[in-house]
Amino acid sequence: MKQVNVGILGCGTVGTGVAKILMDNKDIISSRVGAVINLKYVADIDTETDRGITFDDGVFISDANKVIDDPEVHIIIEMIGGESIAKEFILKAINNGKHIVTANKALLAGSGNQLLSAASEKGCDIFFEASVGGGMPVIKTLRESLACNKIQAVTGILNGTCNYILSKITTDGNSFEDALAKAQAKGFAEADPTLDVEGFDTAHKLSILSALAYGMEINFKDIYVEGITKIAPMDFEFARQFGYSIKLLAISKDNGNGIEARVHPTMIPHGNILSNVTGSLNAVTVTGDGVGDIFISGHGAGMMPTASAVVGDVVDIARNILSGTTGRVPLFSYQKENIKKVPVLSINEISTNYYLRFSALDQPGVLSKISGLLGDNGISIKSVHQKDRKTMGSVPIIMLTHSAKEADMKAALSDITSLDVVSEDPVIIRIEDEEE
Ligand code: HSE
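None of these values were measured; they are calculated from a predicted model. (Residues numbered from 1 in each chain as written. Predicted model: local features only at pLDDT ≥ 70, side-chain atom pairs only at ≥ 80, totals over all residues. Heavy atoms only, no water.)

Trainee: How should the overall build of the chain be read in this particular structure?
Mentor: Per the secondary structure count, the chain includes 14 helices and 17 strands. Against the 2.2 N^0.38 benchmark of 22 Å for 436 residues, the chain shows a C-alpha radius of gyration of 24 Å, consistent with a compact globule. Counting only C-alpha atoms and orienting by the principal axes, one finds that the chain spans roughly 85 × 45 × 35 Å. For the chain, with 436 residues in total, the buried portion stands at 53%. Put simply, 73% of the contacts in the chain that link residues at least 6 apart link residues at least 24 apart. Carbon and sulfur atoms provide 49% of the accessible area of the chain, an area that totals close to 18400 Å². Within the chain, the 54 negative side-chain charges are centred at a point lying 3 Å from the centre of the 39 positive side-chain charges. (Helix = DSSP H or I, 4+ residues; strand = E, 2+ residues; numbered from the N terminus. Rg over C-alpha atoms; globule rule 2.2 N^0.38 Å. Buried < 20%, exposed > 50% of the residue type's maximum accessible area, 1.4 Å probe, protein only. Contact = heavy atoms within 4.5 Å. Areas by Shrake-Rupley, 256 points an atom, 1.4 Å probe, with all protein chains shown as cover. Lys, Arg positive; Asp, Glu negative; His and termini not counted. Charge placed at Lys NZ, Arg CZ, Asp CG, Glu CD.)

Here's what the structure looks like:
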């Protein structure tokens, strides 16, 4: 039987999972590929820690360059993470004519356009299914299954840590800090939880999905990002009373005037399928002009789900090698010459419905002042709710609005914040809901 040689760089959690699945499922993989996928090397600076795997002699080594420079290695699996060393090794491997599989979303968000060019020039494939949604096959779906569609929207829950935290606050009444500690104990938070809870990990992933969906260069820096650290417990309770869940959503859409790409806490109706995606699960809905709406869900992190996606890419590349082709499926879905620099619309240009919570004195005329300033800025109020009436002090006033432009909302909130009767900065949470 023919043989395709692979080398793994980095034997942390996911690298170990990849080695394990390649070894444990060797027969089933060969019977599908028509060749043996031979794990020739696993390189890591730490070769002492027990990974629970027995490697053949000479497989587990500390020198990554030995893997990259071996002419018999066809595919390099980059499992190091981070942006500097991983990028250096990938570029060197491409230069040596190796095909690449990576799960490194931060690297793709920062340097994906450069890696794509380098791989195309050398006729190498670089596949990255595991970079978004772990084991959930969203990239292949966008790149291949939906190739005939004009993609209209991609909306997703792309960070298991945030989804777990938001679910725990909603269902168990946990504090943010307690829920984060539980997520870290379960092992799916990033080493630096800021990347998760401030929304950057989700934005990295959204930049990749937007490029695939709309034929644009990766545009991570233009994505509006807001994390989940500033939502108060009372907002979860009010959301529930209004029939909404709060999710950290990655939203991208072609709204007719341009491409929106934004990450922020979002209220969605309980009837929205994403509302029922709880715990550490990831999910995405894609809307295409032919297919309509589709929904994909799965484990967005973890050793074996992520390894499953990585090895799926290895199988694709092995099949290409065996049939003597590369670049059959364009790496970012569109042919390279058709990928455009498309600016993402500024958050000020988007329109959406809003949940607003003001802390204001409970006295005559307050509501009319606040609603007057919203009206002056062209914002139409859908409903008003005043909670916990007290004789003294501030009370929460909740307003839900019809669709309004973000720039107008900012102008209105600036006016409202300067009112004497308003005691704290307002809380705003965008709502994704169909207007009745
Ligand atoms: N830290 C990520 C998450 C996993 O919580 O979803 C890998 O992207």
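There's more to say after this.
Trainee: Honestly, the nonpolar core in this entry has me stumped. Any pointers?
Mentor: Generally speaking, soluble globular proteins have nonpolar side chains that are buried together. Within the largest apolar cluster, 114 residues are counted, with the highest numbers of intra-cluster contacts made by I77, L209 and Y355. Residues contacting Y355, with those up to four places away along its chain left out, are D235, F238, F242, M267, I398, M399, L400, V427, I428, I429 and I431. Membership of the second largest hydrophobic core comes to 20 residues, among which are I370, L373, A412 and L419. (Core = buried A, V, L, I, M, F, W, Y, C linked by side-chain atoms within 4.5 Å.)

Trainee: What am I meant to see in the layout of surface pockets here?
Mentor: A probe matching the size of a water molecule, rolled over the atoms, marks out where space remains unfilled. One number sums up the size of the largest pocket: a volume of about 1100 Å³. Lining the largest pocket are 47 residues; nearest its centre among them are V14, M79, I80, G81 and E190. By residue class, the composition of the lining of the largest pocket is 20 nonpolar, 19 polar and 8 charged. Looking at the lining of the largest pocket, you find at least three residues from each of domain 1 (3-133 + 303-338) and domain 2 (138-299). Its boundaries defined by the atoms lining it, the second largest pocket holds a volume of some 580 Å³. Taken together, 24 residues form the lining of the second largest pocket, with K253, N272, E432, D433 and E434 sitting closest to its centre. Counting only elements with at least two residues in the lining of the second largest pocket, the list comes to β7 (151-157), β9 (244-254), β10 (259-269), β11 (281-288), β12 (292-299) and β13 (351-361). (1 Å grid on protein atoms, 1.4 Å probe; cavity = no way out; pocket = protein on both sides within 12 Å on 5 of 7 lines; lining within 4 Å. Points joined across faces, edges and corners; volume = space filled by probe spheres on them. Nonpolar A, V, L, I, M, F, W, Y, C, P; charged D, E, K, R; others polar. Domains from an automatic or database assignment.)

Trainee: Could you clarify how one ought to interpret the sheet that holds strand β2 (residues 35-43) in this entry?
Mentor: Strand-to-strand pairing in sheets goes through backbone hydrogen bonds, with the strands running parallel or antiparallel. The strand order across the open sheet built from 6 strands is β3-β2-β1-β4-β5-β6, with neighbouring strands paired in parallel fashion. Looking at the sheet topology across the chains shown, the edges are occupied by β3 (60-61) and β6 (126-127). Note that β2 and β3 share 2 bridges and pair parallel. Bridge pairing in β3 places A43 opposite I61. (Pairing = 2+ DSSP bridges.)

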